[in-house]
Amino acid sequence: MNVQLTGLSDTVELRGGVHIPRLGLGVFRAAAGGETRAAVTAALAAGYRHIDTARVYGNEADVGAGLRASGLDREQVFVTTKLWNDDHGYRRTLDAFEASRRRLGLDYVDLYLVHWPVPGLRLDTWRAMEHLLESGRVRAIGVSNYMTRHLDELLANAEQPPAVNQIELSPYNYRSRRDVVDLCRSAGIAVEAYSPLTKGSKLTDPPLVHVADSHGVSTAQVLIRWGLQKGLVELPKSTRPQRIAANADVYGFDLTAEEMVTLDSLDEGLVTGWDPTHAP
Ligand SMILES: NC(=O)c1ccc[n+]([C@@H]2O[C@H](COP(=O)([O-])OP(=O)(O)OC[C@H]3O[C@@H](n4cnc5c(N)ncnc54)[C@H](OP(=O)(O)O)[C@@H]3O)[C@@H](O)[C@H]2O)c1
């Protein structure tokens, strides 16, 4: 993978040649309507070029509206949305994609992800994802919350392997999930980190505060910088313009190798949301 660490134009080349910005705004729990539109507007004004939404977040239409209001060209912004769990199966996946695309108000979606490895139907679902890729209505396809057993099954059956796996990752669970990250790397699957700020739960953790203080930055900035230096795509969420801007201001300092080891040692298997570890 071609990786650069040079600011908000920082991208990774996905399978198939599509470039994804390595910092994106997450909009989970950003309320539909003005809150999401304002967050997207603030992010695009601050230089973000990547927004991560999902059908289940209920704010796809507001993401599209924020993008159109920005005055940016469609090709300048990378938009991800996701297939929800009750939309699995070949036909339903095609219909759900079309409904998401219409809510977003976009001609195409940059990345469409299977949100969760729903048992039973997920290989049928993947055939529909491959069809969508071939149709050109989506530029890249991938998965989310896939652990090694789900990836092994998919890689053994897919004609088009996933370009991305989006999983919860921060220093507080990275070592525990190292097997998934290693498998993704060896299979050419880019890894996206969701809940990279631990949903705010670890931002006052003393060892993290110590690293932040020594660089004169915030603990949120350290967590995002850590993920970028690990080669992850980072998806911090905020609806506050100041935090949105600060979370992208992470290209003016480097964490040392020693600090990266210290941060890695904070692993406690943290799960802030749902846990796919035992999903069948
Ligand atoms: N695929 C999946 O299953 C999945 C699951 C979860 C999340 N995600 C994606 O990943 C994105 C991020 O994950 P997340 O929303 O769970 O959590 P997160 O980004 O780890 O944390 C968000 C929380 O941190 C706060 N925050 C943001 N910046 C801050 C700062 N600089 N200082 C202090 N607090 C700050 C936010 O509050 P304010 O908004 O008030 O600033 C919010 O409460 C989601 O929005 C979504 O796009 C995907």
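Data block above holds the structure.
Read on for an overview of the structure.

The rules we used
Residues numbered from 1 in each chain as written. Predicted model: local features only at pLDDT ≥ 70, side-chain atom pairs only at ≥ 80, totals over all residues. Heavy atoms only, no water. Helix = DSSP H or I, 4+ residues; strand = E, 2+ residues; numbered from the N terminus. Rg over C-alpha atoms; globule rule 2.2 N^0.38 Å. Contact = heavy atoms within 4.5 Å. Areas by Shrake-Rupley, 256 points an atom, 1.4 Å probe, with all protein chains shown as cover. Lys, Arg positive; Asp, Glu negative; His and termini not counted. Charge placed at Lys NZ, Arg CZ, Asp CG, Glu CD. Salt bridge = Lys/Arg side-chain N within 4 Å of Asp/Glu carboxyl O. Buried < 20%, exposed > 50% of the residue type's maximum accessible area, 1.4 Å probe, protein only. Pairing = 2+ DSSP bridges. Right-handed = clockwise from strand over helix to strand, strands pointing away.

### Section: the overall build of the chain
For step 1, the next point in the chain: Check the secondary structure of the chain and you find 10 helices and 10 strands.
For step 2, the next point in the chain: Expected size for 280 residues packed as a compact globule is a radius of gyration near 19 Å; at 18 Å, the chain falls within 12% of this value.
For step 3, the next point in the chain: In terms of its C-alpha atoms, the chain occupies a principal-axis envelope of roughly 55 × 40 × 30 Å.
For step 4, the next point in the chain: Across the chain, every contact between residues at least 6 apart in sequence was considered, and the portion connecting residues at least 24 apart equals 74%.
For step 5, the next point in the chain: Here the chain has roughly 11300 Å² of accessible surface; of this, 49% comes from carbon and sulfur atoms.
For step 6, the next point in the chain: In the chain, which carries 30 positive and 35 negative side-chain charges, the distance between the mean positions of the two groups comes to 4 Å.

### Observations regarding the pattern of salt bridges
For step 1, the next point in the chain: This model, assessed by the stated rule, comprises 20 salt bridges.
For step 2, the next point in the chain: Across the pair Arg139 and Asp110 runs a salt bridge whose closest N-O atoms are separated by 2.8 Å. A residue pair is termed long-range when its members are at least 10 positions apart, and Arg139 in strand E7 (residues 138-144) and Asp110 in strand E6 (residues 109-114) qualify at 29 residues.
For step 3, the next point in the chain: Since its relative accessible area comes to 1%, Asp110 is described here as buried.
For step 4, the next point in the chain: Between Arg178 and Asp182 there is a salt bridge, with the nearest N and O atoms lying 3.0 Å from each other. Taken together, the positions of Arg178 and Asp182, both in helix H6 (residues 178-186) and four residues apart, correspond to about one turn of that helix.
For step 5, the next point in the chain: Asp182 sits in the partly exposed class, given a relative accessible area of 36%.
For step 6, the next point in the chain: One salt-bridge network, in which partners are shared between bridges, spans Arg55, Asp86, Asp87 and Arg92.

### Description of the pairing of strand E8 (residues 164-168)
For step 1, the next point in the chain: Of all five residues in E8, five are buried; the element is thus mostly enclosed.
For step 2, the next point in the chain: Going residue by residue along E8, you find Val164, Gln166 and Glu168 tucked away on one face and Asn165 and Ile167 tucked away on the opposite face as well.
For step 3, the next point in the chain: Where E7 lies against E8, two bridges are found, and the strand directions are parallel. Looking at E8, one finds that Val143 is bridged to Asn165.
For step 4, the next point in the chain: With helix H5 (residues 148-157) bridging E7 and its parallel neighbour E8, the resulting β-α-β unit is right-handed.
For step 5, the next point in the chain: For E8 and strand E9 (residues 190-194), the ladder comprises five bridges, and the chain directions are parallel. In the strand pairing of E9, Val164 is matched with Ala190.
For step 6, the next point in the chain: Handedness of the β-α-β unit built from E8, H6 and E9 comes out right-handed.

### Observations regarding the environment of Ala39
For step 1, the next point in the chain: Turning to its location among the elements, Ala39 is positioned in helix H1 (residues 34-46).
For step 2, the next point in the chain: Taking the C-alpha atoms as reference points, Ala39 and Arg243, separated by 204 residues in sequence, lie 10 Å from one another.
For step 3, the next point in the chain: Setting aside its immediate chain neighbours within four residues, Ala39 contacts Leu25, Ser238, Thr239 and Ile244.

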